[in-house]
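# Topology and contacts: notes
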Number of protein chains: 6
Amino acid sequence: MLTSPDLAAHRIAAEPYYRPVGDEIAVFEAAWAHRLPVMLKGPTGCGKTRFVEHMAWRLGRPLITVAAHEDMTAADLAGRFLLDAQGTVWHDGPLTQAVRHGAICYLDEIVEARQDTTVVIHPLTDARRVLPLEKRGELIPAHADFQLVISYNPGYQSAVKDLKESTKQRFIAIDFDYPAPEIEAEIIRREAGVEAGLAATLVAIAACSRRLRGQGLDEGASTRMLIHAGRLASGGVGLETAVNAAIVLPITDDADMRAALRVAINACLP
Amino acid sequence: MLTSPDLAAHRIAAEPYYRPVGDEIAVFEAAWAHRLPVMLKGPTGCGKTRFVEHMAWRLGRPLITVAAHEDMTAADLAGRFLLDAQGTVWHDGPLTQAVRHGAICYLDEIVEARQDTTVVIHPLTDARRVLPLEKRGELIPAHADFQLVISYNPGYQSAVKDLKESTKQRFIAIDFDYPAPEIEAEIIRREAGVEAGLAATLVAIAACSRRLRGQGLDEGASTRMLIHAGRLASGGVGLETAVNAAIVLPITDDADMRAALRVAINACLP
Amino acid sequence: MLTSPDLAAHRIAAEPYYRPVGDEIAVFEAAWAHRLPVMLKGPTGCGKTRFVEHMAWRLGRPLITVAAHEDMTAADLAGRFLLDAQGTVWHDGPLTQAVRHGAICYLDEIVEARQDTTVVIHPLTDARRVLPLEKRGELIPAHADFQLVISYNPGYQSAVKDLKESTKQRFIAIDFDYPAPEIEAEIIRREAGVEAGLAATLVAIAACSRRLRGQGLDEGASTRMLIHAGRLASGGVGLETAVNAAIVLPITDDADMRAALRVAINACLP
Amino acid sequence: MLTSPDLAAHRIAAEPYYRPVGDEIAVFEAAWAHRLPVMLKGPTGCGKTRFVEHMAWRLGRPLITVAAHEDMTAADLAGRFLLDAQGTVWHDGPLTQAVRHGAICYLDEIVEARQDTTVVIHPLTDARRVLPLEKRGELIPAHADFQLVISYNPGYQSAVKDLKESTKQRFIAIDFDYPAPEIEAEIIRREAGVEAGLAATLVAIAACSRRLRGQGLDEGASTRMLIHAGRLASGGVGLETAVNAAIVLPITDDADMRAALRVAINACLP
Amino acid sequence: MLTSPDLAAHRIAAEPYYRPVGDEIAVFEAAWAHRLPVMLKGPTGCGKTRFVEHMAWRLGRPLITVAAHEDMTAADLAGRFLLDAQGTVWHDGPLTQAVRHGAICYLDEIVEARQDTTVVIHPLTDARRVLPLEKRGELIPAHADFQLVISYNPGYQSAVKDLKESTKQRFIAIDFDYPAPEIEAEIIRREAGVEAGLAATLVAIAACSRRLRGQGLDEGASTRMLIHAGRLASGGVGLETAVNAAIVLPITDDADMRAALRVAINACLP
Amino acid sequence: MLTSPDLAAHRIAAEPYYRPVGDEIAVFEAAWAHRLPVMLKGPTGCGKTRFVEHMAWRLGRPLITVAAHEDMTAADLAGRFLLDAQGTVWHDGPLTQAVRHGAICYLDEIVEARQDTTVVIHPLTDARRVLPLEKRGELIPAHADFQLVISYNPGYQSAVKDLKESTKQRFIAIDFDYPAPEIEAEIIRREAGVEAGLAATLVAIAACSRRLRGQGLDEGASTRMLIHAGRLASGGVGLETAVNAAIVLPITDDADMRAALRVAINACLP
């Protein structure tokens, strides 16, 4: 067994910096009080992962995070038998560890996973609160402190790849979006270690790029990209080079779009 | 062998709360008398799982539930050989346990499973009442108390994914739908622990959302969602916030649809 | 080895009730005399499985039945190596058992299986009468009493999923359909234990539903469904409820079709 | 090792009956003299398998027959490692046995197999005459008496499933078709054990059905089907019943086509 | 380990007959001097395999040939772990043997292989000249005498199945086509052991068939087919029969095309 | 364990020749200072791999390169359990080695890999800098000197095969293209060992081919191809033959395109 019951490696020692933008902490705490499953909705890089880390710290629970992908199977969550000198030995997967020992389990971008992964969480998210390990013939009642959190990016979903209604209706939802300008500037100052003027310039640049969403850009610059640009600029590369490397080049390969972005960005530079 | 013959872990100790809405209990009991296979039809979150738990308790039989998914195979139901220090050892799957020891086996959303899963139940659902374990060369006659129950959501089925006629015709069917308003309010009062006025408000909200089904919503709010909203509201979050988090945000990502829903809901709020 | 050479578990002790409708018994016996492979054609629930059980009893041979499905492989029929404390040990599959020990092997809905399953039967169904076990390098001559029987539902086949001409032409065929009214009533009386008037009513109801085949119904009510309805009705549920649960609800989810069926059925009720 | 070097099980003891229809024996013998690979082309049930059995007997070589299918892989032909008490042990596949010990290897309906199966035969069918066992790192020079024969039904091939030009051009081809009437009658007399008049009637019936090929029938009745009908008729079933069971019912499920066939057949009956 | 370091089984003892048609030997030798990867382009049966055998003999290097196919994986080239009484043991694949011990590795019809096979050769075909065995965590520097040669038939490629630009640009290319008439006749005389007149006739027949390429024929007769026809004819079958079996029947199944070919061929016969 | 902690085999002993074309070294160094993930964008054969080798040498870090392909899975990067005489033993994959021991990990053409491969790098490329080994239940914090670099060819991407926005936004990007003429000539002189005149001629030829990009050519001649031509020409083959073998034949199979290329090239020859 590779896991210790206190899940020490999954406890969050220091408070993760998180800047609230609405009533998301109150809603999460009300859901936690009834251990209701929670779904975090919003675009990439806007702070969903940071929020769940913050809440796990705040509630004093270990956090087990799993990034879902389209080749992930139920066994990747629940566990599997591995061959050993003594024969096959069962190894709990990350979800089973969380269920058994009372962690918050965060399934990031759950909709990417194969359907068997989605179904395995059904009996955990209704009145039963059990995890059936079919391969072991075991029915694990969830620890009193177990809670399930998933994330979901509505902009990505298509008709062929979406959560089933019978899955969606099991979750309380909290909406996320990029923070308001002053808040975003505060986050960038703190995370990239830059002074206020540069942070404000980067927020202005982000606003430009986000207005181009749907007009040739799939997404605007995320808060994460602004932090990257801030770090590069504070590392001695010029601001224009930093913004080009951290924002313009990653966001699009289209020459016209890049030119348009640069014009808009130059207008924001000091 | 990980299973004990009395299937103790699968017995239901306390009566699961179930509020009948028609003659479903009489039909199930008549089917049980002849051990006829039963199919429960109806939308998500309307109480099918609770009903089968109630019937298992009422009839005093253990209940083995399996949530089907599109990667489920016959071996997940029937069992498989696992490698052990002594060589390969057979492990009964959940269906085989039910067949051998006389449980009710509930296959939830069977139509999601691969066809070999469907076919494995054929000889159990006609006069033969046997389960052939081809990998073991064993033919298990079903225990006198074995009964098979499956669920099926007609709203989901498409031409490419449906039960074969030769499977459908083996089952007695019972139809489910959301309960009538007074009954639904009674269920919410009991399950969410809220007083009658709030329960009635939530039922009125559900009615609004269900009228939008097919006009931009795939499904209206289920009874389960109303219970979630009740619990959040009783946890100190305001009613509007609770309804937003438990109903509006999970049910749709479309901004116009959300606005329409909120207008309709506000008209129901006290 | 899990199989005993006399295939005791596959012998049919008591005569299975079968009511002949034409010269099918004579044709089967003539095919058996030359051990010619036989294909049973016809819709679901009309008695093909019962017929082959009856013939196996009549001819005094063990019967090994395999329900084919689209994930079935040649190894599921022929056998496979399993790992044991002594290394890998070969386990005969159901077809190999039948070939070695002289059973009738019945492959139900063979067209559902993958093509390798179909091809494995070729050398068994021509002058060679051998089963090559390629994985063992063994060539098994069929026991003198081995015979192969397959079933096939012509209504299901599509251009993409059909038997190859080189497979079809290896079989003698026998056609099945629902029995004539008096015969069907006789079967229902005997199988459901109801009196003649109720049996006649159920046959009249079946006739109504079968006339709707192709006009919104994929199949009409099978003999099996009539027996289910008879059993429910004899169990104390009212006749209308019994017919609804055993016939109307399983056969279609379309509200208009259900209404039409109910009108037609009510006209038949006493 | 399950194979003995003399391939005793694959030697053909008695002369298989084969009635030549042209210069096919001379062409095969000329190809054999140079060990050139041979492809037998023609419809199902016209005698290709019987011909290769006859040639193997005539040339005194063992014959290893493999029926190809779309799930067959190169390993099914070449061999594989199996786990044993001593570790993994190599088992020669049927092609490797033929290559090592000098058999004629007959790959029936090769075009059905996956492409890796086709490619494995390339170095065996040019000047190299070697079989590389990549998994063993072994290069087996073919035994001096090894010859490769494949069959191919031109009527089945489609653009998506055909032999590659680089495969086709490695083979000498021999064309097969149904035999001339007197020859076919002679074959039926001998194989079904019927007298000349009945054989002639069956050949006349075959001619009718073959004229309908492409006008609703995929294939006409093969010689094999006529032999089946002859055997049933000689077993005491009436001739009309025998022809119906052995020819009409297997060949088509279309009611109109069956009626047309029966009219044509009745005109042939004595 | 099944491989000896001197790759004795892969050395070519006698000079393989090869008749040059241009500067292909000089180009190959210049590429060899820098160990540049070489791609041989041209239709089936025109001598690419023979050429690479000849060059391996001429340069005194062992030759390891692998025929690619669409189920070939990187592991088939690089090697894999196999289970042994001592645990898992690594077995070098054919490419790894060539890289380690300094052979010419010839990947025939590389474009048929899966993409992982193509990518595995990238670090071998640039300045790095290394083979990473990811499964072993080993980085093998290529032996000084290792060279990679691949073949490619431009006529076969489609948009969906082609080498990536980043693969193509790593290779020097040499074009092949059928040889000029006198050279082809010389090859046939030598390989089929026929006299000059018959060889000339066969070359004339080939010219006819090649003119029909694209007008109903996918490919004309290859040099290989002419050699086959020569061998059959020298084996006592008449020339017309030999040409029919070796060229007409293999090349097309279309009756009209066969008739046209035969008319053209008869005009060439002496 | 096959890996030593100092990753000696992955250290680059001698300075790899790299000719800078802009501020790419400064941007990479600024990203390295914060260990920001870097994406190298540009066409095949323009020096991306050489650049990352140069930077690894310059920064004194070991470099672990993995060429991605569409059959690559997360296990190929992260590692897997292998069976040993003592039972299953874990083997770190290349990414895990880099994370544990502080190497630069270069994932070449990452977009070719399956999505699970992409997702495995997410927690390594944000504030967490951890690699979860789900199969081992281990969470590896990245070594302080670990950095992730990926390459990406924008010309290849299609709508169905592209990085997800949530992946792209995690990387700083650096654009690459073919170098300016004088720089490219300098590179060719050095790498192919040819004098300045020939290098200039080859650069002129490259310019011609690159102008044909999008007019029948998918890509123009890369710097790599020019080096190949230089080496062949310096090996005694005439310049025209060298350019034909190294550039014209590999780049296109279209006869008209080849003729056009040759005309353009001849105009460049001295």
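- Under an unreviewed UniProt entry, the name given to chain A is CbbQ/NirQ/NorQ/GpvN family protein, and the source organism is Ancylobacter radicis.
- Regarding chain A, the relevant UniProt record gives this comment under Sequence similarities (unreviewed entry): "Belongs to the CbbQ/NirQ/NorQ/GpvN family."

## As for the overall build of chain A
- Looking only at helices and strands, chain A features 11 helices and 9 strands.
- Across its three principal axes, chain A shows a C-alpha extent of roughly 65 × 40 × 40 Å.
- Burial status across chain A gives 62% buried among its 270 residues.
- Excluding contacts between residues fewer than 6 apart, the proportion of contacts in chain A whose partners are at least 24 apart in sequence is 71%.
- With the model as given, the accessible surface of chain A reaches about 9600 Å², and the carbon-plus-sulfur share is 51%.
- The distance from the centre of the 28 positive side-chain charges to the centre of the 34 negative ones in chain A is 3 Å.

## What to know about the packing of helix 10 (residues 239-251) of chain B against helix 11 (residues 255-268) of chain B
All names here are of chain B.
- Across the interface, helix 10 lies against helix 11 with an axial gap of 11 Å and an inter-helix angle of 145°. When the axes of helix 10 and helix 11 are compared, the crossing they make is right-handed. Contacts between helix 10 and helix 11 involve Glu240, Val243, Asn244, Val248, Leu249 and Ile251 from the former and Arg258, Leu261, Arg262, Ile265 and Asn266 from the latter.
- Considered class by class, the residues forming the contact of helix 10 with helix 11 number 6 nonpolar, 2 polar and 3 charged.

## Re the packing of helix 7 (residues 181-193) of chain C against helix 9 (residues 223-234) of chain C
Residues and elements named next belong to chain C.
- At a closest axis distance of 9 Å, the pairing of helix 7 and helix 9 adopts a crossing angle of 45°. In terms of orientation, helix 7 and helix 9 fall into the oblique class. The handedness of the crossing between helix 7 and helix 9 is right-handed. Seen from helix 7, the contacting residues are Glu184, Ile187, Ile188, Glu191 and Ala192; seen from helix 9, they are Thr223, Leu226, Ile227, Gly230, Arg231 and Ser234.
- Looking at side-chain class alone, the contact of helix 7 with helix 9 contains 5 nonpolar, 3 polar and 3 charged residues.

## Brief notes about the interface of chain F and chain E
- The partner chain E presents 38 residues to the 47 residues of chain F that form the contact.
- In total, about 3600 Å² of surface goes out of reach between chain F and chain E, with carbon and sulfur atoms giving 55% of it.
- Our count for the chain F to chain E interface comes out at 3 salt bridges.
- Residue Asp126 of chain E is joined to Arg224 of chain F by a salt bridge in which the shortest nitrogen-to-oxygen separation is 4.0 Å.
- Inspection of the region where chain F meets chain E yields 8 residue pairs in polar contact (both at pLDDT 80 or more).
- At the level of secondary structure, the elements contributing two or more residues to the side of chain F that touches chain E comprise helix 2 (48-59), strand 2 (63-67), strand 3 (79-84), helix 4 (94-101), helix 9 (223-234) and helix 10 (239-251) of chain F.
- Residue composition of the side of chain F that touches chain E, grouped by class: 20 nonpolar, 12 polar and 15 charged.

## Points about the arrangement of the chains
- Looking at chain B next to chain E, you find no contact at all, with the nearest C-alpha pair sitting 15 Å apart.
- No interface is formed between chain C and chain F, the nearest pair of C-alpha atoms being 15 Å apart.

## Considering the relation of the copies chain D and chain C
- It takes a turn of 60° to lay chain D on chain C, together with a shift of 0.1 Å along the axis; the resulting RMSD is 0.0 Å. Here the transformation between the copies is reduced to the relation of a six-fold axis.
- Of the residues that chain D buries at the interface, just 2% are likewise interface residues in chain C, meaning the two copies contact each other through different surfaces.

## Concerning helix 4 (residues 94-101) of chain A
Residues and elements named next belong to chain A.
- Among the 8 residues of helix 4, 7 are classified as buried, and the element is accordingly described as predominantly covered.
- Among all positions of helix 4, only Pro94, Leu95, Thr96, Gln97, Ala98, Val99 and His101 are buried.
- One or two residues past the end of helix 4 sits Gly102, with phi positive at roughly 80°.

## Some remarks on the environment of Arg61 of chain A
Residues and elements named next belong to chain A.
- Structurally, the position occupied by Arg61 is in the loop between helix 2 (48-59) and strand 2 (63-67).
- Assessed through its relative accessible area of 13%, Arg61 is described here as buried.
- Distance from Arg61 to Tyr106, taken between C-alpha atoms, is 12 Å for residues 45 residues apart in sequence.
- Residue contacts for Arg61: discarding those within four places in its chain leaves Arg11, Trp32, Ala56, His101, Gly102, Ile104, His143 and Asp145.
- Only 3.5 Å separates the side chain of Arg61 from the side chain of Asp145, close enough to count as a polar contact.

## Some thoughts on the packing of aromatic side chains
- With the rule as written, the count across this model stands at 18 aromatic pairs over all chains.
- Taken together, a centroid distance of 5.7 Å and an interplanar angle of 85° make the contact between Phe28 of chain C and Phe51 of chain C edge-to-face. Taken as a pair, Phe28 of chain C in helix 1 (residues 24-33) and Phe51 of chain C in helix 2 (residues 48-59) lie far apart in primary sequence, 23 residues in all. Grouping residues by exposure puts Phe28 of chain C and Phe51 of chain C together as buried.
- Linked through ring pairs, Tyr18, Phe28, Phe51 and Phe176 of chain A together constitute an aromatic cluster.
- Sitting over the ring of Trp32 of chain F, Arg35 of chain F keeps its end group 3.7 Å from the ring centre.

## Here we look at the sheet that holds strand 1 (residues 38-41) of chain A
Residue and element names in this part refer to chain A.
- Here 5 strands make up an open sheet; going across it, the order is 2-5-8-1-9 and the pairing parallel. Here the strands that pair on one side only, and so sit at the sheet edges, are strand 2 and strand 9 (172-175). Strand-to-strand twist in this sheet, taken as the mean axis angle between neighbours without regard to direction, amounts to 20°.

## Notes on helix 11 (residues 255-268) of chain A
- Its 14 residues give helix 11 of chain A an end-to-end C-alpha distance of 20 Å, which sits within 8% of 20 Å, the value for a rise of 1.5 Å per residue.
- When helix 11 of chain A is considered as a whole, its buried residues turn out to be Met257, Arg258, Leu261 and Ile265 of chain A. Buried residues of helix 11 of chain A, seen end-on, are gathered within an arc of 95° and therefore sit on one face of the element. Exposed positions of helix 11 of chain A whose direction lies more than 90 degrees from the buried face are Ala255, Asp256, Val263 and Ala267 of chain A.
- Elements in contact with the buried residues of helix 11 of chain A: helix 8 (196-211) and helix 10 (239-251) of chain A together with strand 1 (38-41) and strand 9 (172-175) of chain F.
- One side-chain oxygen at the N-terminal end of helix 11 of chain A lies 3.3 Å from the backbone nitrogen of Asp256 of chain A; it belongs to Asp254 of chain A.

## Things to note about the interface of chain D and chain C
- Tallying the contact residues gives 47 residues for chain D and 38 residues for chain C.
- Between chain D and chain C lies a buried interface of about 3600 Å² when both sides are counted; carbon and sulfur atoms form 55% of it.
- Viewed at the interface, chain C and chain D are joined by 2 salt bridges.
- Across the salt bridge formed by Lys41 of chain C and Asp253 of chain D, the nearest N and O atoms sit 2.5 Å from each other.
- The interface formed by chain D and chain C holds 8 residue pairs in polar contact (both at pLDDT 80 or more) in total.
- Within the residue set of the side of chain D that touches chain C, elements represented by two or more residues are helix 2 (48-59), strand 2 (63-67), strand 3 (79-84), helix 4 (94-101), helix 9 (223-234) and helix 10 (239-251) of chain D.
- In terms of residue class, the side of chain D that touches chain C is built from 20 nonpolar, 12 polar and 15 charged.

## Section: the UniProt feature "domain: CbbQ/NirQ/NorQ C-terminal" (unreviewed entry) in chain A
- This chain's UniProt record puts "domain: CbbQ/NirQ/NorQ C-terminal" (unreviewed entry) on residues 184-267 of chain A.
- Annotation note: span residues 184-267 of chain A, helix share 76%, strand share 0%, distance between end C-alpha atoms 20 Å.

## Comments concerning the environment of Ile12 of chain D
All names here are of chain D.
- Residue position: Ile12 is located in the segment before helix 1 (24-33).
- Between the C-alpha atoms of Ile12 and Glu109, which are 97 residues apart in sequence, the distance is 22 Å.
- Beyond its immediate sequence surroundings of up to four residues, Ile12 is in contact with Glu53, Ala56, Trp57 and Leu63.

## Some words on the domain arrangement of chain A
Residue and element names in this part refer to chain A.
- Per the domain assignment, the segments making up chain A are domain 1 (7-175) and domain 2 (181-266).
- Using C-alpha coordinates to define each centre, domain 1 is positioned 32 Å away from domain 2.
- Facing 10 residues of domain 1, the contacting portion of domain 2 comprises 10 residues.
- Both sides of the domain 1 and domain 2 interface together cover about 840 Å² of buried area, and 53% of this is carbon and sulfur.
- Summed over the three residues of domain 1 that lose the most area to domain 2, namely Tyr17, Arg19 and Gly45, the buried surface amounts to 64% of that side.
- One can count 2 salt bridges joining domain 1 with domain 2.
- The residue Arg50 makes a salt bridge to Glu191 at a minimum N-O spacing of 2.9 Å.
- Counting across the interface, domain 1 meets domain 2 through 2 residue pairs in polar contact (both at pLDDT 80 or more).
- Its residues assigned to classes, the side of domain 1 that touches domain 2 shows 5 nonpolar, 3 polar and 2 charged.

What counts as what
Residues numbered from 1 in each chain as written. Chains lettered and ligands numbered in written order. Predicted model: local features only at pLDDT ≥ 70, side-chain atom pairs only at ≥ 80, totals over all residues. Heavy atoms only, no water. UniProt positions renumbered as here; feature names shortened; annotations may be inferred. Helix = DSSP H or I, 4+ residues; strand = E, 2+ residues; numbered from the N terminus. Buried < 20%, exposed > 50% of the residue type's maximum accessible area, 1.4 Å probe, protein only. Contact = heavy atoms within 4.5 Å. Areas by Shrake-Rupley, 256 points an atom, 1.4 Å probe, with all protein chains shown as cover. Lys, Arg positive; Asp, Glu negative; His and termini not counted. Charge placed at Lys NZ, Arg CZ, Asp CG, Glu CD. Axes fitted to C-alpha atoms, helices over the stretch in contact; angles between N-to-C directions. Left-handed = near helix turned anticlockwise from the far one by under 90°. Nonpolar A, V, L, I, M, F, W, Y, C, P; charged D, E, K, R; others polar. Parallel < 35°, antiparallel > 145°, perpendicular 65-115°, else oblique. Buried area = accessible area lost by both parts, 1.4 Å probe. Salt bridge = Lys/Arg side-chain N within 4 Å of Asp/Glu carboxyl O. Polar contact = N/O pair within 3.5 Å; in protein donor to acceptor, adjacent residues only side chain to side chain. Least-squares fit on C-alpha atoms with pLDDT ≥ 70 in both. Phe/Tyr/Trp six-rings, centres within 6.5 Å; stacked < 30°, edge-to-face > 60°. Lys NZ or Arg CZ within 6 Å of the ring centre and 35° of its normal. Pairing = 2+ DSSP bridges. Expected span 1.5 Å × (residues − 1). Arc of directions from axis to C-beta. Domains from an automatic or database assignment.

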